[in-house]
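Summary of the model geometry
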Amino acid sequence: MKVIIAEKPDQAATLCAQFQRVKRDGYFEIKPNDLFPKGAYCTWAIGHLTQLSAPEAYKAEWKKWSLSMLPIIPEKFQYEVTKSKTKQFNVVNKLLKNPSVNEIIHAGDAGREGELIIRNIISLSGVKKPLKRLWISSLTPASILEGFRQLLDDERTKNLYYEAYSRACADWLVGMNASRVYSLLLKQKGMNDVFSAGRVQTPTLALIVKREKEIEHFKPEPFWEIVATFKVNGKKYKGKWQKDNQTRVLEEELAQKIASFCQNKPAEIKELITERKEYQPPLLFNLSSLQATANKAFKFSPKKTLDIVQSLYQKGIVSYPRSDSTYVTKGEAEQFPDILTKLSKFEEYKDLFPLPKQSIINNTRYVNEKKVTDHYAIIPTEQVRDPKRMSGDEQKMYDMIVRRLIAAHYEKAIFDYSTLSTLVDGRAEFITKGKQQIQEGWRKVIFQDDKEKDELLPNVQKGDTGHVDKIETKEGKTQPPKRYTEGQLITLMKTAGKYLDNDELEKILSKVEGLGTEATRAGIITMLQDRKYIEVKKNQVFATDKGKVLIEAVGDHVLASPEMTAKWEQRLSEIGEGQASPALFMEQTKKLSTKIVSDAISIAATWNFEGLNVESIQRTTSRYSIGKNVGKCKLCDGDIVDKGEFYGCTNYKQTKCNFTISKKILSKKISQTNIQKLLKGDQTNLIKGFKKGDKTFDAKLDWKEGKIQFIFESAHTKN
């Protein structure tokens, strides 16, 4: 018999749905059939059933967080069963060791992480039995059956396992040492919190903090624009003054002089230039482009997009979601006509048919065997579904994927962009821009926003004359850079190479697709949120003081640099291709971890966190701080101690003293240092960012007349 190991329970159920089966505790028993004459067992992981062991599993003294113990470098890494998933591991382990089982079919997701999850389980079981690999990009019945008929030899994908294993161990090594050294050093600066650091998360955070600093340090500068209304041949239109391709004047006096000069002056059409631009249909989706597009259209977080498309994949409706390719092979392209015919029957898409192009099989913009690596682009499968029968979010995601495929079968969109140059009194030039859609093409399929409307120019010719009917100056201010949205952050991570000065490294990062992988970027953003380094408000990404502190501490050292990630990802990619040694890579990573620790210790004395609210960076609830005395009660002779979510009096049980102070006031965490000042009768430090309704304000706190009161300084009044 054979045992099939899937990555998740619902995927196992989908794989088994093609056969007669009986549900058991933790697995399916597949009845004998053409593919499995003796039957088979199909069990599953629950994501990762195993995990890298904690430091203390190697050496007991490594459990203590101490600078003297760093760097932590195990001689050999070891995995262990995740305690919460022991029951399912035991089910899989028992099936693997069943004497009647003579072959294992690895049916994890067809990618690096899937390789690692299933092979780690087999490795930990100690079983040495023949292994085959199910490698499919969609969970339709046809793909599943074809995949089981065309199982791969395990050697074909083994290098991907080495890559994933090396990545996991190296991330553990760098993350464990960096997190401990920065947490310990920053604790010496009064910040009693855990500062998680890592190979991908820290360079990503550095990009966010860099943008935050650009916004904070930005100083708006005033400028003026001169706008004229012309009357030529009885037609009115507006134009903007321009000199040397600049339309802004930095001095109001000069702007007024230009406007005065042009008032009621004669005007002549100097030039009318029209440039035609053609826009090809957009590429098919990979995960990053789908996440960015869904964020822009619906403000879906990258994680939400991945969760939705993963659900569609598990139902067999779309292809594998974690793809990094925007291409398909000819085999997939051959199925498009059948898929599109089915889609044409649904109300949402009827008006888009018949298609201008019946096939794209010879269009290398979409069909290119050489550019399909592990997986092809995210596309609807032949298991077409009516969008109306899906949940709201699934419907939106499916519709986006469907429309990308339909648009690929449409003509290009064509626009004419016109520039009208009007000369006032033979000296002052004014520019008027226009745009006109000549051919709608694929834009009929993919909805556009209102900014895409035509802007038509008046019907005038070169040499036509008239006069300035009206003229005015408009004052404006330069605007700071905008904060990234979550969708833009995904794109930024993917294209981080474009932000490097080093051409060689830029090429490396471009080849390996930037920071992180298609599968991990959404998780990195979620991790930065969970660790309080960033906040996402109205789809905009803000760096917190905690995030700024870490990046200030790391500085321009290797940990925050995309350069490290570029070289790291290149080497991992080479391991996956069988062209680099995992052992040599790990030796280099051990040296890097040692350098990260020594760099942090050597520069800690120079850290300067001026302007950052470091006192607020404290663990809000810690088993080590519960019960800690922070001062005397304001109502009785009791002590005020940390009770987790608030500070309260120790006399509560004896005298029912109900004195408490919340750890959070108007959405702002109050540090232990400031609580101690209040209890001593002193005012707190200035606390920034109290929120009341839509307003925010800065204030100190003081204990007056039996309650906490806000103290406003003249420079920090309520908004």
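What you see is a predicted model, and the numbers here were worked out from it, not measured in a lab.

Structural notes on the layout of surface pockets
Computed from the structure, the second largest pocket encloses a volume of approximately 1600 Å³. Lining the second largest pocket we find 49 residues, and of these E535, A543, T544, D545 and K668 sit closest to its centre. Those elements giving two or more residues to the lining of the second largest pocket turn out to be α6 (201-216), α15 (521-530), β16 (534-537), β17 (540-543), α16 (545-554), β23 (668-669), β24 (687-692) and β25 (695-704). Considering only residue class, the lining of the second largest pocket consists of nine nonpolar, 16 polar and 24 charged.

Here's the deal with the side chain of N295
Within the fold, N295 resides in helix α8 (residues 287-298). Judged by its relative accessible area of 2%, N295 falls in the buried class. Of the polar contacts made by the side chain of N295, one reaches the backbone oxygen of F300; its length is 3.0 Å. Non-local contacts of N295, meaning those with residues more than four positions away in its chain, are made with F300, S301, T485, E486, G487 and N539.

Topic: the packing of helix α9 (residues 302-314) against helix α12 (residues 392-407)
With their axes 10 Å apart at the nearest point, α9 and α12 run at an angle of 80° to one another. Judged on the interaxial angle alone, α12 and α9 are roughly perpendicular. In contact with K304, T305, I308, V309, S311 and L312 of α9, α12 contributes D393, E394, M397, Y398 and I401. Among the residues making up the contact of α9 with α12, the classes are represented as six nonpolar, two polar and three charged.

Notes on empty space enclosed by the protein
The full count for this structure, using the stated rule, is one cavity of 30 Å³ or more. In this structure, the largest cavity encloses a volume near 90 Å³. In terms of lining residues, the largest cavity is bounded by Q11, L15, A107, G108, D109, A110, L134, I136, L139 and Y313. Residue composition of the lining of the largest cavity, by class: seven nonpolar, two polar and one charged.

Digging into the sheet that holds strand β2 (residues 21-24)
Spatially, the seven strands line up as an open sheet ordered β2-β3-β4-β1-β7-β8-β9, and their pairing is mixed. Every other strand in the sheet has two partners, leaving β2 and β9 (152-153) as the edge strands with one partner each. Relative to strand β8 (residues 131-133), strand β7 (residues 103-107) runs parallel, the two sharing three bridges. When the sheet's bridge partners are listed, I104 is paired in β8 with L131. Contacts between helix α2 (residues 86-97) and the sheet are confined to β1 (2-6), β3 (27-30), β4 (40-44) and β7, with β4 contributing the most and set at about 155° to the helix.

A few points about the pattern of salt bridges
Scanning all chains against the criterion turns up 38 salt bridges. One salt bridge connects K270 with E429, and the closest N-O pair in it is separated by 3.8 Å. Within this pair, whereas K270 is found in strand β12 (residues 266-279), its partner E429 is found in strand β14 (residues 428-439), the two being separated by 159 residues in sequence. Classification of K270 by relative accessible area gives partly exposed; the value is 38%. Two residues, R276 and D416, come together in a salt bridge whose shortest N-O distance is 2.7 Å.

Considerations on unusual backbone geometry
A cis geometry characterises the amide bond from L70 onward to P71, with omega recorded as 0°. Summarising the element assignment, P71 is placed in the loop between β5 (50-52) and β6 (79-81). Here the residue pair F353 and P354 is connected by a cis peptide bond, since its omega of 0° sits within 30 degrees of zero. Following the sequence through the fold, P354 ends up in the loop between α11 (336-343) and α12. Of note, the phi angle at D244 is positive, near 55°, even though the residue is not glycine. Mapped onto the fold, D244 is located in the loop between β11 (235-242) and α7 (252-262). The backbone of D425 shows a phi angle near 50°, a positive value even though the residue is not glycine. Residue position: D425 is located in the loop between β13 (413-424) and β14.

Procedures and definitions
- Just so you know, the residues in each chain are numbered from 1, in the order the chain's sequence is written.
- Note on the predicted model: pLDDT of at least 70 is required for a residue's local features to be given, and 80 or more for side-chain atom pairs to be given and counted; whole-chain, interface and lining totals, by contrast, use all residues.
- Side-chain metrics in this entry use all non-hydrogen atoms of the structure; hydrogen atoms and water are not considered.
- Within this scheme a cavity is a closed region of a 1 Å grid, computed over the protein atoms alone, that accommodates a 1.4 Å probe without allowing it to escape, whereas a pocket is open but has protein on both sides within 12 Å along at least five of seven lines; lining residues each have an atom within 4 Å of a point.
- Grid points are joined across faces, edges and corners, and a volume is the space filled by probe spheres set on the points.
- Note on conventions: DSSP H or I runs of at least 4 residues are helices, E runs of at least 2 residues are strands, and numbering of each starts at the N terminus.
- Three residue categories are used. Nonpolar comprises Ala, Val, Leu, Ile, Met, Phe, Trp, Tyr, Cys and Pro, charged comprises Asp, Glu, Lys and Arg, and polar comprises the others, including Gly.
- We call a residue buried when its accessible area falls under 20% of the maximum for its residue type, exposed when it is over 50%, and partly exposed in between, using a 1.4 Å probe and counting protein chains only.
- Between N or O atoms, a polar contact is any pair within 3.5 Å; within protein, one atom must be a potential hydrogen donor and the other a potential acceptor, and residues adjacent in sequence are included only when both atoms are from side chains.
- Pairs of residues are marked as contacts when any of their non-hydrogen atoms sit within 4.5 Å.
- For helices, the fitted line uses only the C-alpha atoms of the stretch in contact; every axis is such a line through C-alpha atoms, and the angle between N-to-C directions lies from 0 to 180 degrees.
- Here roughly perpendicular refers to angles of 65 to 115 degrees, roughly parallel to angles under 35, roughly antiparallel to angles over 145, and oblique to all remaining angles.
- Strands are labelled as partners when DSSP assigns at least two bridges between them.
- Salt bridges are identified by distance alone: a Lys or Arg side-chain nitrogen within 4 Å of an Asp or Glu carboxyl oxygen.

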